[in-house]
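# Topology and contacts: notes
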Amino acid sequence: MNILDPHLQDIYDVVLRRNPGEGEFHQAVFEVFESLEPVVKKYPEFADSKVLERLCEPERQIIFRVPWVNDGGEIEINRGFRVEFSSVLGPYKGGLRFHPSVNLGIIKFLGFEQIFKNALTGMPIGGAKGGSDFDPKGRSDREVMAFCQSFMTELYRHIGEHTDVPAGDIGVGGREIGYLFGQYKRITNRYESGVLTGKGLGWGGSLVRKEATGYGTVFFVNEMLKSRGDSFDGKRVVVSGSGNVAIYAIEKAQQLGASVVACSDSGGYVVDQAGIDVELLKELKEVRRERISVYLAQRPSARYITDGSIWDVECDIALPCATQNELDEDAAIQLVKNGVCAVAEGANMPTTPSATRVFADAGVLFAPGKAANAGGVATSALEMQQNASRDSWSHEYTEERLAGIMAGIHERCADAADEFGAPGNYVVGANTSSFVQLAEAVLALGVI
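Position labels on residues start from 1 in each chain and follow its written sequence. Side-chain atom pairs in this predicted model are given and counted only at pLDDT of 80 or more, local residue features only at pLDDT of at least 70, and totals for whole chains, interfaces and linings cover all residues. To get the side-chain values, take all heavy atoms of the structure and skip hydrogens and water.

### With respect to the overall build of the chain
Put simply, the test is: Think of it this way: any DSSP run of H or I at least four residues long counts as a helix, any run of E at least two long counts as a strand, and we number them from the N terminus. Relative accessibility decides the category of a residue: with a 1.4 Å probe and only protein chains considered, values under 20% of the type maximum give buried, values over 50% give exposed, and everything between is partly exposed. Any two residues whose heavy atoms approach within 4.5 Å at even a single point are treated as in contact. In this description, accessible areas are obtained by the Shrake-Rupley approach with a 1.4 Å probe, and a residue is regarded as covered only by the protein chains that are shown. Under this rule, positive means Lys or Arg and negative means Asp or Glu; His and the chain ends count for nothing. Note that the charge is assigned to NZ on lysines, CZ on arginines, CG on aspartates and CD on glutamates.
For the chain, the helix and strand inventory stands at 18 helices and 12 strands. Structurally, the chain occupies a C-alpha span of about 60 × 50 × 45 Å along its principal axes. Residue burial in the chain is summarised as follows: out of 448 residues, 57% are buried. The long-range fraction of contacts in the chain, counting pairs at least 24 apart against all pairs at least 6 apart in sequence, stands at 73%. Working note: accessible area of the chain is about 17,400 Å², and carbon and sulfur atoms make up 49% of it. Across the chain, the centroid of the 44 positively charged side chains sits 5 Å from that of the 60 negatively charged ones.

Below you can see the structure in the form of structure tokens.
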């Protein structure tokens, strides 16, 4: 890790002491702090008012038991979380993750990132995250429903369209959002559409919401490429993951003229030199819920690889869209050696700090997740607007709004990077731009 300014180091040391054993949270905080030395020098009032200390301490952390009964009649117990990190810009907004790896530290890292990501969108939304160590893989629909109903039976008292608005994340798609919303409606006796986003199109959902995070990542990369007089046309792209974000990043990159040649899941990765068949991928992952290895049954020309790394595959553009810290220093070195020109985080913090420095040193365009994957939460906010006005927008209009928001985020990041002495550094730009907005709001609202 780089050395922090002494004042920032003192604050970071307190974060470490107060949050032991939460490595992902520590990493997320450090990555923001690395960018902030010129900001605290320009705005000493932020330090005097302990803005950073306040932003690093969640406003509320909720942990609860989730008991439910499986198909065999056995009682299972999971743990639920909701970390409501900051509401200085609006109601808490952030997804729910259902995955065995979920713990408090991971939820806090995701919630902390969400504060800055949401600020960058320019939408009036605060930052939060939640979830459970429940694993929906291999579970029947009835088991998923039983778990979601039990989860919402506790969560409902902490959320609301003007308080906290959850959405989906890893392991939480349209099926889970439906069960969660149904239980919320049942308990409260209110059809409060704006309390959850990512809903089905027939009951309050927004067109483009499913595609938004992946599309938004590609829109951001397109803006970066345009800043260098380049485009996706003819580019060779590798995308890690094969979930919601990866699928729609692949789709939009292909629409813009790229050839996407590889994607992955936790078992391995597929290389298809003819270009990934995105409709087949949707069928396997969204309908049949199969492993990606099944892709070969219908595309025998493709290869399935279980060892090595997807980042060994030669590409011009790399889009890590799976999970945190999946792209390490060795992978970054290999990508640079293979001629990568741009990397953008479709997932949350998928690139390790040392890998990020490799890209910076090599002059590779690099988009951090808080900027590049903000399209999902931005479109969630558009869904909230439609719910509030009892309205429904067309696919074309909503996608146009998303593209405009991503272009605006790119402009904010580029301008802030210039202002704080790091032109072309989107990490610095994203961190400083969002932090200044948050800090000014913290001061405006007083000591609360």
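From this point on, the discussion continues.
### Concerning the sheet that holds strand 7 (residues 259-265)
Inclusion rule: Paired strands are those between which DSSP finds at least two bridges. In this analysis, axes come from line fits to C-alpha atoms, helices being fitted only over the stretch in contact, and the angle between any two N-to-C directions falls in the range 0 to 180 degrees.
Strand order in the open sheet formed by 7 strands is 9-8-7-6-10-11-12, and the pairing between neighbours is mixed. Looking at the sheet topology across the chains shown, the edges are occupied by strand 9 (303-305) and strand 12 (365-367). Each strand of the sheet is rotated relative to its neighbour by a mean of 15 degrees, with strand direction disregarded. Pairing analysis gives 3 bridges linking strand 11 (residues 342-344) to strand 12, with the strands arranged parallel.

### Quick word on the environment of Ala 355
One can find Ala 355 in helix 14 (residues 353-362). Distance in space between the C-alpha atoms of Ala 355 and Ala 331 is 7.6 Å, their sequence separation being 24 residues. In contact with Ala 355, other than residues within four places in its own chain, are Leu 327, Asp 328, Glu 329 and Ala 332.

### Some details on helix 18 (residues 426-445)
How we decide: A helix is expected to span 1.5 Å for every residue after the first. N or O atoms closer than or at 3.5 Å make up a polar contact, with two conditions inside protein: a donor-capable atom paired with an acceptor-capable one, and, for residues adjacent in sequence, both atoms drawn from side chains.
For helix 18, which comprises 20 residues, the first-to-last C-alpha distance of 29 Å matches the rise-based estimate of 28 Å (1.5 Å per residue) to within 8%. Across the 20 residues of helix 18, 14 count as buried, placing the element largely inside the fold. Structurally, the start of helix 18 carries an N-cap: the backbone nitrogen of Val 427 is 3.1 Å from a side-chain oxygen of Asn 425. Backbone geometry just after helix 18 places Gly 446 at a positive phi near 85 degrees.

So, to be careful, I would describe these as geometric facts and stop short of saying anything about function.
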